[in-house]
Amino acid sequence: MSLILTSVLKGFALLSVGFCKGPVRISDLEERFVDSCESCPLRGKAGYARVPGCGNLGSGIFIVGEQPGVNEAQAGQPFVGQSGQLLDKVLKFYAIDRSRLYVTNAIKCYVDCCSDDEQERALEACLPVLAEEVSVGKPSYVLTLGSVAQQAFDGRKVTDVRGFVRKFLGLKMLNTFHPAAVFRVPEYFDSIMYDVAKFKRLIDGKINPRPLRWQVVTSFDDVRLAMEALMSSPSISFDIECEGIELGLRILSVQMYSRKVDLAYVFPWTGDLISVVKYILESPIPKIGQNLMFDVSHLRVNGINVANIYFDTMVAHHLVRSYLPHDLNTLTSIYTDFDKYDDELNKYVPTKSTPFSSVPPDILHEYGAKDAIVTYDIHESLASELAANGMTALFHTVSMPLLSVLIELRFRGVMFDVPLARKVAKELDDKIAIAIASLKQITGTDINMNSPKQMGEFLFGKLGLPVLKTTKTGAPSVSKDVIEKLLSDSRYKHPALDVLRTFKQASKVRSTFLSDISQYLPSMKA
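These lines cover the structure that appears in this document, whether it is placed above or below. (Residues numbered from 1 in each chain as written. Predicted model: local features only at pLDDT ≥ 70, side-chain atom pairs only at ≥ 80, totals over all residues. Heavy atoms only, no water.)

### A closer look at the side chain of Lys-198
With respect to the helices, strands and loops of the structure, Lys-198 is situated in helix α10 (residues 188-203). One buried charged residue, Lys-198, remains without a salt bridge, the closest side chain of opposite sign being Asp-337 at 4.4 Å. (Helix = DSSP H or I, 4+ residues; strand = E, 2+ residues; numbered from the N terminus. Buried < 20%, exposed > 50% of the residue type's maximum accessible area, 1.4 Å probe, protein only. Lys, Arg positive; Asp, Glu negative; His and termini not counted. Salt bridge = Lys/Arg side-chain N within 4 Å of Asp/Glu carboxyl O.)

### Side note on the sheet that holds strand β9 (residues 214-216)
The six strands are arranged β9-β12-β11-β10-β13-β14 in an open sheet whose pairing can be described as mixed. Across the chains shown, the open sheet's two edge strands, defined by having one partner strand only, are β9 and β14 (309-312). Within this sheet the neighbouring strands show an average axis-to-axis angle of 25 degrees, counted without direction. With two bridges connecting them, strand β10 (residues 236-242) and strand β13 (residues 287-289) associate as parallel partners. What sits directly across from Ile-236, in β13, is Lys-287. This element, helix α17 (residues 361-388), spans β9, β10, β11 (251-258), β12 (263-268), β13 and β14 of the sheet and lies at about 140 degrees to β10. (Pairing = 2+ DSSP bridges. Axes fitted to C-alpha atoms, helices over the stretch in contact; angles between N-to-C directions. Contact = heavy atoms within 4.5 Å.)

### Some thoughts on the pairing of strand β7 (residues 165-168)
Where β7 and strand β8 (residues 171-176) come together, four bridges link them in antiparallel fashion. Pairing of Phe-168 across the sheet is with Leu-171, part of β8. Taking the residues that link successive antiparallel strands as the turn, the β7-β8 hairpin has two residues, and the phi of Leu-169 there is positive, at about 50 degrees.

### A word on the state of the cysteines
A complete count under the given rule lists zero disulfides for this structure. Here Cys-126 stays free of any disulfide, with the sulfur of Cys-109 as its closest cysteine sulfur at 5.0 Å. (Disulfide = S-S within 2.5 Å.)

### What about the pattern of salt bridges?
Taken as a whole and judged by the stated rule, the model has 32 salt bridges. In this structure, Glu-133 and Lys-108 form a salt bridge, with 2.6 Å as the shortest nitrogen-oxygen distance. Note that Glu-133 is positioned in helix α6 (residues 116-137) and Lys-108 in the loop between β4 (102-105) and β5 (109-110), a separation of 25 residues in sequence. Judged by its relative accessible area of 0%, Glu-133 falls in the buried class. Across the salt bridge formed by Lys-440 and Asp-446, the nearest N and O atoms sit 3.5 Å from each other. Taking the relative accessible area as the measure of exposure, Asp-446 reaches 58% and is therefore exposed.

### Details of the nonpolar core
Judged by nonpolar contacts, the single largest core of 63 residues is most densely connected at Val-254, Met-256, Phe-267, Leu-281 and Leu-299. Looking at this core element by element, the count peaks at eleven residues for α17. Discounting chain neighbours no more than four positions away, the residues touching Leu-281 are Phe-238, Val-254, Met-256, Lys-287, Leu-299, Ile-304, Asn-305, Val-306 and Ala-307. (Core = buried A, V, L, I, M, F, W, Y, C linked by side-chain atoms within 4.5 Å.)

### Here we look at a nonpolar patch on the surface
Taken together, the side chains of Leu-402, Val-405, Leu-406, Leu-409 and Val-414 define a hydrophobic patch exposed on the protein surface, amounting to about 430 Å² of accessible area. Considering the arrangement of structural elements, one finds Leu-409 in helix α18 (residues 392-412). (Patch = residues over 30% accessible without salt bridge, like charges linked within 9 Å, V, L, I, M, F, W, Y side chains within 5 Å. Areas by Shrake-Rupley, 256 points an atom, 1.4 Å probe, with all protein chains shown as cover.)

### Remarks on the packing of helix α19 (residues 418-443) against helix α22 (residues 495-513)
Two numbers describe how α19 lies on α22: the axes approach to 9 Å, and their chain directions differ by 155 degrees. As judged from the angle between their axes, α19 and α22 are roughly antiparallel. Considering only the axes of α19 and α22, their crossing is left-handed. Of α22, the residues touching α19 (which contributes Ala-425, Leu-428, Asp-429, Lys-431, Ile-432, Ala-435, Ile-436, Ser-438, Leu-439 and Ile-442) are Pro-495, Ala-496, Val-499, Phe-503, Ala-506, Ser-507, Val-509 and Arg-510. Among the residues forming the contact of α19 with α22, the class breakdown is 13 nonpolar, two polar and three charged. (Parallel < 35°, antiparallel > 145°, perpendicular 65-115°, else oblique. Left-handed = near helix turned anticlockwise from the far one by under 90°. Nonpolar A, V, L, I, M, F, W, Y, C, P; charged D, E, K, R; others polar.)

### Here we look at the packing of aromatic side chains
In this description, an aromatic ring pair is defined by two values, namely the gap between the centres and the angle between the planes. Counted by the stated rule, this structure contains ten aromatic pairs. Centre to centre, the rings of Tyr-257 and Tyr-376 are 5.5 Å apart; their planes meet at 65 degrees, and the pair counts as edge-to-face. Here Tyr-257 is found in strand β11, whereas its partner Tyr-376 is found in helix α17, with 119 residues between them in sequence. With respect to burial, Tyr-257 and Tyr-376 carry one shared label: buried. (Phe/Tyr/Trp six-rings, centres within 6.5 Å; stacked < 30°, edge-to-face > 60°.)

### Considerations on the sheet that holds strand β3 (residues 61-65)
Reading across the sheet, the six strands line up as β2-β4-β3-β6-β8-β7 and stay open at both edges, with mixed pairing between neighbours. Of all strands in the sheet, those bounded by a partner on one side alone are β2 (54-55) and β7. Against the sheet, helix α7 (residues 147-154) touches β3, β6 (141-145), β7 and β8, its axis set at about 135 degrees to β6. Its contacts with the sheet place α10 against β3, β6, β7 and β8, and it is angled at close to 165 degrees to β8.

### Quick word on the packing of helix α15 (residues 328-335) against α17
It is at 10 Å that the axes of α15 and α17 come closest, and there the two elements cross at 60 degrees. Classified by the angle between their axes, α15 and α17 sit oblique to one another. Helix-helix and strand crossings are classified by hand; for α15 and α17 the assignment is left-handed. The residues of α17 that touch α15, namely those facing Leu-328, Leu-331, Thr-332 and Tyr-335, are Asp-371, Val-374, Thr-375, Ile-378, Ser-381, Leu-382 and Glu-385. Along the lines of polarity and charge, the residues of the contact of α15 with α17 split into six nonpolar, three polar and two charged.

### Overview of unusual backbone geometry
In this structure, Leu-169 is a non-glycine residue whose phi angle is positive, near 50 degrees. Turning to its location among the elements, Leu-169 is positioned in the loop between β7 and β8. Take Leu-169: its relative accessible area is 48%, and that puts it in the partly exposed class. In this structure, Asn-291 is a non-glycine residue whose phi angle is positive, near 60 degrees. The topology assignment puts Asn-291 in the loop between β13 and α13 (292-301).

### Quick look at helix α11 (residues 220-231)
Across its twelve residues, α11 extends 16 Å between first and last C-alpha, which sits within 8% of the 16 Å expected from 1.5 Å per residue. Within α11, the full set of buried residues consists of Asp-222, Val-223, Ala-226, Ala-229 and Leu-230. Take α11 and look down its axis: the buried residues cluster within an arc of 140 degrees, on one side only. In the core, the buried residues of α11 are packed alongside β9, β10, β11, β12 and α12 (273-281). (Expected span 1.5 Å × (residues − 1). Arc of directions from axis to C-beta.)

Here it is, written out as structure tokens:
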């Protein structure tokens, strides 16, 4: 994007004082920037309609969406359609009065259809209006909905910053998914609820995260103090940083956190410090971590067998919210009020293949220490959530012991029955062939069941079955859960659905586990 709101806001910062001498009508803002519409690629397209912001411009709280829909175009107000109704329910649940806020969109006009390029250029044309709304309204808090709204401010996407409080030119911002996304991916609803709850705490002044404290262990005195704190703690969390994710790559540092002293200790992977790390991690103190399969495996390759693996936050979150992402960024946004702390690190690690050894040690140490600290905090919240859901016993007697077994399997391997695998592969191939023939018999034509487009046209077009879910592009979804929901409803049962389910199940197992058996056994290739 060639223009973002940062530059526009700086240009209007001085002008805003003059504009605020008296009451400002929203219509005045629109009129001042009517010239910007002349360069908009959406002007003159089918269905074109401008939809201004509405509400209390001086409330100090803005909600900024992406672009009006057809219902908004008809009503002349933002967020009055299906997405707006969902937004209203969420706001009401957290006692946020929409009538007291100012609600607008980054792109001010609706058209029946526009390309990604046209949408980007329309955003550039609309930015001066949004900039003036912000300059005049001077909000203290902004909730952005979706990527387009967030990009208008700082060029970031929802996947980069969702759920974290960010400071931007004096504003406190929080981004979440656009409500419309819930109708494509229902699992996003929980994320929106978490984020709006945090936004409510933000505007109520209840987000005040404690400072994160860490110390790099370098001297004998550092070692002594670290040992005293860690070895006397009821439990510790730890995290390692490696050059990359592949097993066997060099460890760069190990971080351990003690709640007792609220301090993370960073042990560079060097000399006698490795022996100190080994002594602590092989002690019976309960160990807490995020994705311990990674950390424990890398340490084992380096001669450290971590003892008493007590709590894995990723495993725990999978138990209580299996349908949400389980990465540390997501968990930090949900269960803590800490800021997003990996931006500086990402400047040096722009891709997953970039080695962490390219990161300056002070930045890497800070990042690793914060990982260890937030992991401990997340574990406390998840322990409470497990208890509330009656899952504590399941977690500690099944999930965590199973993790230890899986780590052991990673090193010992498993016996693989090649003849049986080939027999199962043949049976699956037969199932797939029968499913393809059966569908042709039912429909009288060849339909590629691997083509969502062809299956969508058949199921929702020819058969007239209801569209339960759409993809990101708005096309009807023919995913496994959609097929199961249709099959579970007696009104929509059709033999083609049973055939499609059989095909999907067989194809998934065949392609995932048995696509090429010989690739797992180099010495037995045909």
